[in-house]
Every structure is written in C-alpha cells, then in structure tokens.
Amino acid sequence: RNDSITLLVFDDTIPENQHKKSLQIGRIFTEFPSEKIQIRYVAERGASEQMRMLDERVKVSELSHDLFSTSRNCIFLLKESDNTVIIDSRKRIRGQYNLNDMEDADRLVMQELNILFKRY
C-alpha cells in the first residue's frame, strides 16, 4: 500500500512569500518526519537560488512561463490566493491551500495531512 502524499507548491517570486513557504515546508517535514511526503516546488524558469536550497527533499521544477501558467490555472484550477495542491497516492487532488496564510497553513498541516496519514 502506497500512502505517499505529494505537495505541489507554486512560486510567486515574492521573497517574503518564498520565505513563508520555506518555513511551512520545514514545518511539514518536522511534523511528519517518517511519512512519505514529496514536495515539488514549481517555479517559472529563473527561480531564486533560495528556493533551490530549501531542503534536499524538495524538488524544484522550473517551467516556462506558459507551462507554469497552464499548470497553475488550467490543470490545478488554483484560485489566485492559493499556491499549494495536495495530491494523494492515487493521483487525486485532496485540497488547495495558501502556505503564505498561517491559518490556511495550519489547516493543511494540522488537519488535512493528519487525516491523510490517519494520525487522528
């Protein structure tokens, strides 16, 4: 049985938001040290070096502007305010969140991931 979770975190090139996302990504790894979590940081080509060095477990995918926009807006249908998508092991979207917003990040970490990993 594969219980892995993938988080797609979309960049917005704003340094303050990148910092907030990196803090929340670190928090996720701290809260779930033994769970199978794959984090893919999705950015347009030329992503900042800071995001490349988040954590060796974070994979950075750089896309062209068009492919980035298509992925974010057409494939995952993210609202402008959201930047993170949870995908379960069966490739189903389980939620969309804004890691720049502490309340939304708490909902992702403390509720959704706990439920998905059956830690309640």
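For the structure given in this document, a descriptive report is provided here. This is a predicted model, so every value here is computed, not measured.

**Points about helix H3 (residues 65-75)**
Buried within H3 we find Phe68, Ser71 and Arg72. The arc enclosing the buried residues of H3, seen along the axis, measures out at 85°, which places them on a common side. Exposed residues lying more than 90 degrees from the buried face of H3 are Asp66 and Cys74. Elements that come into contact with the buried residues of H3 comprise strand S1 (5-10), strand S2 (37-44) and strand S3 (58-63). Of the residues flanking the end of H3, it is Leu77, one or two places downstream, whose phi is positive at about 50°.

**A few points about the packing of aromatic side chains**
For the coordinates displayed, the defined rule picks out three aromatic pairs. Here the aromatic residues Phe10, Phe68 and Phe76 are joined through ring pairs into a cluster of three or more.

**Re the side chain of Lys21**
One can find Lys21 in helix H1 (residues 15-31). Here the side chain of Lys21 touches Phe10 through a polar contact of 3.2 Å, landing on its backbone oxygen. Those residues in contact with Lys21 that sit more than four places away from it in its chain are Val9, Phe10, Asp11, Asp12, Tyr41, Asn83, Leu99 and Asn100.

**Describing the sheet that holds S2**
As summarised here, the arrangement of the five strands in space is S3-S2-S1-S4-S5, forming an open sheet in which the pairing is mixed. Edge positions in the sheet fall to S3 and strand S5 (93-97), since each has one partner strand and no second. Sheet twist, expressed as the mean angle between neighbouring strand axes with direction ignored, is 20°. Pairing of S2 with S3, which is carried by six bridges, proceeds in the parallel orientation. Considered in S3, the bridge of Arg40 is made with Lys59. Sheet strands in contact with H1 are S1, S2 and S3, and its direction is about 170° off that of S2. Together, S1, strand S4 (84-87) and S5 form the strand contacts of helix H4 (residues 102-116), whose direction differs from that of S5 by roughly 165°.

**Description of the pattern of salt bridges**
Under the counting rule described, the total for this entry stands at seven salt bridges. Among the ionic pairs, Lys20 bridges to Glu16, the shortest N-O distance being 3.4 Å. Taken as a pair, Lys20 and Glu16 lie in helix H1 at a separation of four residues, close to a single helical turn. The class for Lys20 is partly exposed, based on a relative accessible area of 31%. A relative accessible area of 53% places Glu16 in the exposed class. The structure contains a network of salt bridges with shared partners spanning Asp88, Arg92 and Arg94.

**Describing the packing of H1 against H4**
Packing of H1 against H4 leaves a shortest axis separation of 11 Å and a crossing angle of 20°. In terms of their interaxial angle, H1 and H4 are classed as roughly parallel. Here H1 and H4 pass one another in a crossing that is right-handed. Where H1 approaches H4, its residues Gln24, Arg27, Ile28 and Glu31 are matched on the opposing element by Met102, Ala105, Asp106, Leu108, Val109, Met110 and Leu113. Classifying every residue of the contact of H1 with H4 gives seven nonpolar, one polar and three charged.

Cut-offs and rules
- Residues numbered from 1 in each chain as written.
- Predicted model: local features only at pLDDT ≥ 70, side-chain atom pairs only at ≥ 80, totals over all residues.
- Heavy atoms only, no water.
- Buried < 20%, exposed > 50% of the residue type's maximum accessible area, 1.4 Å probe, protein only.
- Helix = DSSP H or I, 4+ residues; strand = E, 2+ residues; numbered from the N terminus.
- Arc of directions from axis to C-beta.
- Contact = heavy atoms within 4.5 Å.
- Phe/Tyr/Trp six-rings, centres within 6.5 Å; stacked < 30°, edge-to-face > 60°.
- Polar contact = N/O pair within 3.5 Å; in protein donor to acceptor, adjacent residues only side chain to side chain.
- Pairing = 2+ DSSP bridges.
- Axes fitted to C-alpha atoms, helices over the stretch in contact; angles between N-to-C directions.
- Salt bridge = Lys/Arg side-chain N within 4 Å of Asp/Glu carboxyl O.
- Parallel < 35°, antiparallel > 145°, perpendicular 65-115°, else oblique.
- Left-handed = near helix turned anticlockwise from the far one by under 90°.
- Nonpolar A, V, L, I, M, F, W, Y, C, P; charged D, E, K, R; others polar.

As far as function goes, none of this settles anything; it's purely spatial.
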